[in-house]
Amino acid sequence: MKIIQSFYQIDNKTCYNIGGNNDNYLLNYYSMLLSYITIKEKYGEVAMYCNKLAYDKMLKYIPYDKIVLDETSIVDASNYRQEWGMLKFNVFSQQNEPFIHIDTDVFLFNDVLSGYINKGKYDGIVQSIEHDKRYGVYDSFYHANQENLIKYDFINDNLMKRSIDKYLTVIGYNNGVVGFNNLKFLEEYIESAKKLNDLIKAGVFVNVKNQTIIFEQFLLYILSQKNGYKIFEVLPEDDIINIGFNETGNKHGYTHLLSGNKYVKNFILLIRNKIIQNYPNYIKHIDEFEKTINNVNFTFLSHKDENHLMKNIVQKW
Amino acid sequence: MEIIKKQVLQALTTGTTTGCTGSCRIIIPDLTANYFFKICLSQETQDIGFFDTYTINDYGGYDGYDGYDGKNINNTILLVNIEPIGIDNLL
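Residues numbered from 1 in each chain as written. Chains lettered and ligands numbered in written order. Predicted model: local features only at pLDDT ≥ 70, side-chain atom pairs only at ≥ 80, totals over all residues.

Caption draft 1: Representation of the overall build of chain B. For chain B, the count of helices and strands is zero helices and three strands. Listed N to C, the secondary structure of chain B is β-β-β in terms of helices and strands. Out of the 91 residues belonging to chain B, those deemed buried represent 20%. Restricting the contact set of chain B to residue pairs at least 6 apart, pairs at least 24 apart contribute 8%. (Helix = DSSP H or I, 4+ residues; strand = E, 2+ residues; numbered from the N terminus. Buried ≥ 20, exposed ≤ 12 C-beta atoms within 10 Å, placed from the backbone. Contact = placed C-beta atoms within 7 Å.)

Caption draft 2: Main features of the environment of Asn-246 of chain A. Checked against the element boundaries, Asn-246 of chain A lands in helix H10 (residues 237-252). Given 22 C-beta atoms within 10 Å, Asn-246 of chain A falls into the buried group. For the pair Asn-246 of chain A and Lys-2 of chain A, spaced 244 residues apart in sequence, the C-alpha separation works out to 27 Å. With residues near it in sequence (within four places) discarded, Asn-246 of chain A still touches Glu-83, Pro-84, Ile-85, Gly-86 and Ile-87 of chain B.

Caption draft 3: Expanded view of the sheet that holds strand S7 (residues 172-180) of chain A. Residues and elements named next belong to chain A. On the basis of which strands lie adjacent, the open sheet formed by seven strands has the order S3-S2-S1-S4-S7-S6-S8 and mixed pairing. Strands with a single pairing partner mark the edges of an open sheet, and in this sheet they are strand S3 (66-69) and strand S8 (231-233). Averaged over neighbouring strand pairs, the angle between their axes works out to 35 degrees when direction is ignored. (Pairing = 2+ DSSP bridges. Axes fitted to C-alpha atoms, helices over the stretch in contact; angles between N-to-C directions.)

Caption draft 4: Representation of the packing of helix H1 (residues 28-43) of chain A against helix H11 (residues 265-278) of chain A. All names here are of chain A. Between H1 and H11, whose axes approach to 9 Å, the crossing angle comes to 40 degrees. It follows that H1 is oblique to H11 by the angle criterion. For the element pair H1 and H11, the recorded crossing hand is left-handed. Here Tyr-30, Ser-31, Leu-33, Leu-34 and Ile-37 of H1 lie close against H11, whose contacting residues are Ile-268, Ile-271, Arg-272, Lys-274 and Ile-275. Partitioned by chemical class, the residues of the contact of H1 with H11 number seven nonpolar, one polar and two charged. (Parallel < 35°, antiparallel > 145°, perpendicular 65-115°, else oblique. Left-handed = near helix turned anticlockwise from the far one by under 90°. Nonpolar A, V, L, I, M, F, W, Y, C, P; charged D, E, K, R; others polar.)

Caption draft 5: Just the domain arrangement of chain A, in detail. Residue and element names in this part refer to chain A. When cut into domains, chain A gives domain 1 (2-121 + 235-316) and domain 2 (132-170 + 183-228). Between domain 1 and domain 2, the C-alpha centre-to-centre distance is 25 Å. Across the boundary between the two partners, domain 1 contributes nine residues, which contact eight residues of domain 2. Elements with a contribution of two residues or more to the side of domain 1 that touches domain 2: helix H3 (80-83) and helix H4 (86-92). The residue makeup of the side of domain 1 that touches domain 2, split by class, is four nonpolar, three polar and two charged. (Domains from an automatic or database assignment.)

Caption draft 6: Summary view of the pairing of S7 of chain A. Residue and element names in this part refer to chain A. For S7, the buried fraction is high: nine of the nine residues fall into the buried class. Pairing of strand S4 (residues 99-102) with S7, which is carried by four bridges, proceeds in the antiparallel orientation. Looking at S7, one finds that Ile-102 is bridged to Val-177. Here six bridges tie strand S6 (residues 124-130) to S7, and the two strands are oriented antiparallel to one another. Following the sheet pairing, Val-126 is matched in S7 by Val-178.

Here it is as structure tokens:
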């Protein structure tokens, strides 16, 4: 199975708005390297799709098996904060065989993909179900746009209602891992994402709290639900329901430092230490990268539950 | 399942006999007696906590459009809300 990753650096933007002028995008290097290492160890080859800025600043210090340099103008500094997910669709549209795309902040410490790769009975793969009770990204979008979602043929509303009855909230799919065996499904997904994004930009859809999450993750859920596609979930739904997202990742050897987590200082130190201790062959790559880091302005983040999370880790250690 | 055992004393009745003077009666087993049991169930309550319905553990959520919730007075520490997945694997 073809395994790909992608990263396009636009100015000094990050998908997480840290505010102010800083060089935090360079901190992505550490998660990118560990992500590559863990995938390479389990699955052999990793192809990286990227633009030249990302390659020059970070990716050339990671020994990818294949680099596809690709300059695109579909996302620029003016719309990056809202539409950065479109960069992924740019990569999807270049695929003409089944593939799995893994985000560069995802680490696979166990073989969690063979159930999908070897069985071949699934149309696609995702990381897991996902919801957002705190800000209601999914809930508020669905409830505010229910009529238009039906009108523009994005949903089967009876199935949506059943799903809400089951989960007591509107859910989507997290695409930390996302892939397609069924290329017709992929084609529909790409077309629908462009259509939904255009309608959002035209103001047809409202209450869009996170544009990329809607046209990337919510869309994948409602599209596969509407068309009855069979989806493999890397993180089992029952575990997520019973022990939560973090513990499910711990149980299955799957890590995703989604959103701002990859800029949390303690988490970066854990990644760096992990590479040095467990994968010493890659230390030279860190050295080469860090030689280029001069006069940079990093704004490290903290996690609101950092004390609790770090305490748990130390206790296990 | 629980097996309930109950010892039943045989009911007795009276009968007549011969060989005695006057009106003599003896006590004999009542072979036609029917025995009825009434079982009453009583409840012992045990507090095993609150049953949640089929819900998903809270995810913390996406951090809204601005991407962060707060910062300190120096504008340098930003707080990430969204829960990391599998953080212990980094040990």
